[in-house]
Each structure stands twice: as C-alpha cells, then as structure tokens.
Amino acid sequence: MLERLFFLKHSKISPDYQYKGNFSIPFFITPKLDVTIDNAEDYEIQFTSKMLIKKDNIHSFIEEIFSKSIRSQISGITGYEYSIDYFKIYRSFFIDYDKLPFNPREPHFDKCFSQNMLKIFLPLNVNVDSGPLKVYNRSVSSEISNKKISDSQEYILITGNGERLYGMNPNLCWHGAGNPKKGSPSLQMFFQLNPASSWRY
C-alpha cells in the first residue's frame, strides 16, 4: 500500500499486466553490449556458471540495456520507476535429478520485501531444449500452486536470442526453470528491480 502511495508514477497500469503479471518488449543488443558479454569471464558453480563483468564496465553495461526508451516502456506497463539492485549473467546446465535429494529448480513464488518487485530477463541463447523459465499468468498462478488445475493453463516460456526483454512480478506469478537437455545449456541475464522514486542503479 505504501509503495503505491509513494512510488506509483502512472495511474493507468497496463490492463494486460494487471491480468498476467508479466510482459515482454522488443530489444536490440547493441555492438557495445555484445562485446561486453563476449568479454565476460565464466565462473563455474554447481548446476550453473556465472559470467563476471568488469567493475569499470557495469554502469555502461546497465545503461546499454535500460535505455531511456526501455525504462519508459517498463514504467508505462507497470506504473513504477525502479532501482536496479542486482543482476547476473548465467548459464544453466543439465541436472540429473535422480542424484539429488531435492529439485533446485522447483516452481515457486518469491517471498520479497517489495510486493511490486520486478524481475527482468534477457534470454541470450535459450530455446525449448535449454530448460527455459516457465512463468504462469497471475490470473491462474494461485490455483496452479495449489495444484487445482492442469499444466495446460496460460504461461510464457522465456526463450530467445536477445531480441526481447521479459518482465514479471515473482510474488504473483508461479514460475520455475526447466532442465536443459545435455549439451543445450541456457544463457541469460537477470535483473532485480525494486520500486523507487526515480530510475537509478
């Protein structure tokens, strides 16, 4: 309630976003951004590998993605401006679930401090074989989480090669990553945005 009072900038939130809790917008990877990604250093951890951006490149890297046009489109959809508080570039690999005591990619809601926190994804090399993130529409998420309806309901798969940005409210949309096939890892960027008085990072 307080977030809406202090941070909501646009009274006309997109009806489609209110219904779905997620959206996608066209995107273009600039040559400068492409070079930065290519020069990122891989840091491997279990099930995934993170790509490290040099500290001196972080601000320009974020500015290349969250241009004035992209910021304006996001605010026009959700009604908020944001602080870009966290990001990562990572690869996800095949997991042999039979060898694990739990599923580290179990579908879930996020439990965030902000009810209007936004997650932004830019898939760089993700297809249906790469175990893409599945995001259910807000309208059906609570029923799916309680296993009241089938898996055939409305959702989006976050796939692509850098041509679209995807956004979702993880408090409202039931979501979970799939398991890439062997030899088909996914590569994507992820950003966490929290409502703020103005765009910043």
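Caption draft 1: How the structure looks around the sheet that holds strand β7 (residues 155-158). The strand order β7-β6-β9 describes an open sheet built from three strands, whose pairing is antiparallel. Edge positions in the sheet fall to β7 and β9 (175-177), since each has one partner strand and no second. Across the sheet, the mean angle from the axis of one strand to that of its neighbour is 15 degrees, orientation sign disregarded.

Caption draft 2: Spotlight on the pairing of strand β6 (residues 133-136). Bridge count between β6 and β7: four bridges; the pairing is antiparallel. Residue pairing in the sheet places V135 in a bridge with I156 of β7. The sheet contact formed by β6 and β9 spans three bridges and is antiparallel. Residue pairing across strands places V135 opposite H175, the latter belonging to β9.

Caption draft 3: Representation of the sheet that holds strand β2 (residues 41-45) within the structure. Spatially, seven strands are ordered β1-β8-β5-β10-β4-β3-β2 in an open sheet, and the strand pairing comes out antiparallel. In the strand order of this sheet, the two ends are held by β1 (22-26) and β2, each with one partner. Strand after strand, the sheet turns through a mean of 30 degrees between neighbouring axes, direction not considered. As paired elements, strand β3 (residues 48-52) and strand β4 (residues 81-92) share four bridges and run antiparallel to each other. Bridge pairing in β4 links M51 to I89. Running at roughly 150 degrees to β1, helix α5 (residues 68-78) makes contact with β1, β4, β5 (118-125) and β8 (164-168) of the sheet.

Caption draft 4: Main features of the side chain of T78. With respect to the element layout, T78 can be found in helix α5. Accessibility expressed as a relative area gives 2% for T78, which makes it buried. At a separation of 3.2 Å, a polar atom in the side chain of T78 contacts the main-chain amide nitrogen of Y80. When sequence neighbours within four positions are dropped, the list of residues in contact with T78 reads L8, I13, Y17, F23 and L118.

Caption draft 5: Region of interest: the layout of surface pockets. In this structure, the largest pocket occupies an estimated 500 Å³ of space. What lines the largest pocket is a set of 27 residues, and nearest its centre among them are K88, Y90, S92, L133 and A177. The set of elements that each furnish at least two residues to the lining of the largest pocket consists of β3, β4, β5, β9 and β10 (186-196). At four residues, the largest contribution of residues to the lining of the largest pocket is made by β5. Of the residues assigned to the lining of the largest pocket, the class counts are 14 nonpolar, eight polar and five charged.

Caption draft 6: Structural detail: the nonpolar core. Among the nonpolar cores identified, the biggest contains 31 residues, and F61, F66, I74, I120, M189, F191 and L193 are the most heavily contacted of them. Excluding its chain neighbours within four sequence positions, the residues that come into contact with I74 are F23, I25, F66, G79, Y82, L118, I120 and W199. Judged by nonpolar contacts, the second largest core, of nine residues, contains Y90, L133, M168 and C173.

Calculation notes
- Residues numbered from 1 in each chain as written.
- Predicted model: local features only at pLDDT ≥ 70, side-chain atom pairs only at ≥ 80, totals over all residues.
- Heavy atoms only, no water.
- Pairing = 2+ DSSP bridges.
- Helix = DSSP H or I, 4+ residues; strand = E, 2+ residues; numbered from the N terminus.
- Axes fitted to C-alpha atoms, helices over the stretch in contact; angles between N-to-C directions.
- Contact = heavy atoms within 4.5 Å.
- Buried < 20%, exposed > 50% of the residue type's maximum accessible area, 1.4 Å probe, protein only.
- Polar contact = N/O pair within 3.5 Å; in protein donor to acceptor, adjacent residues only side chain to side chain.
- 1 Å grid on protein atoms, 1.4 Å probe; cavity = no way out; pocket = protein on both sides within 12 Å on 5 of 7 lines; lining within 4 Å.
- Points joined across faces, edges and corners; volume = space filled by probe spheres on them.
- Nonpolar A, V, L, I, M, F, W, Y, C, P; charged D, E, K, R; others polar.
- Core = buried A, V, L, I, M, F, W, Y, C linked by side-chain atoms within 4.5 Å.

Honestly, that's just the spatial picture; any functional story needs more than this.
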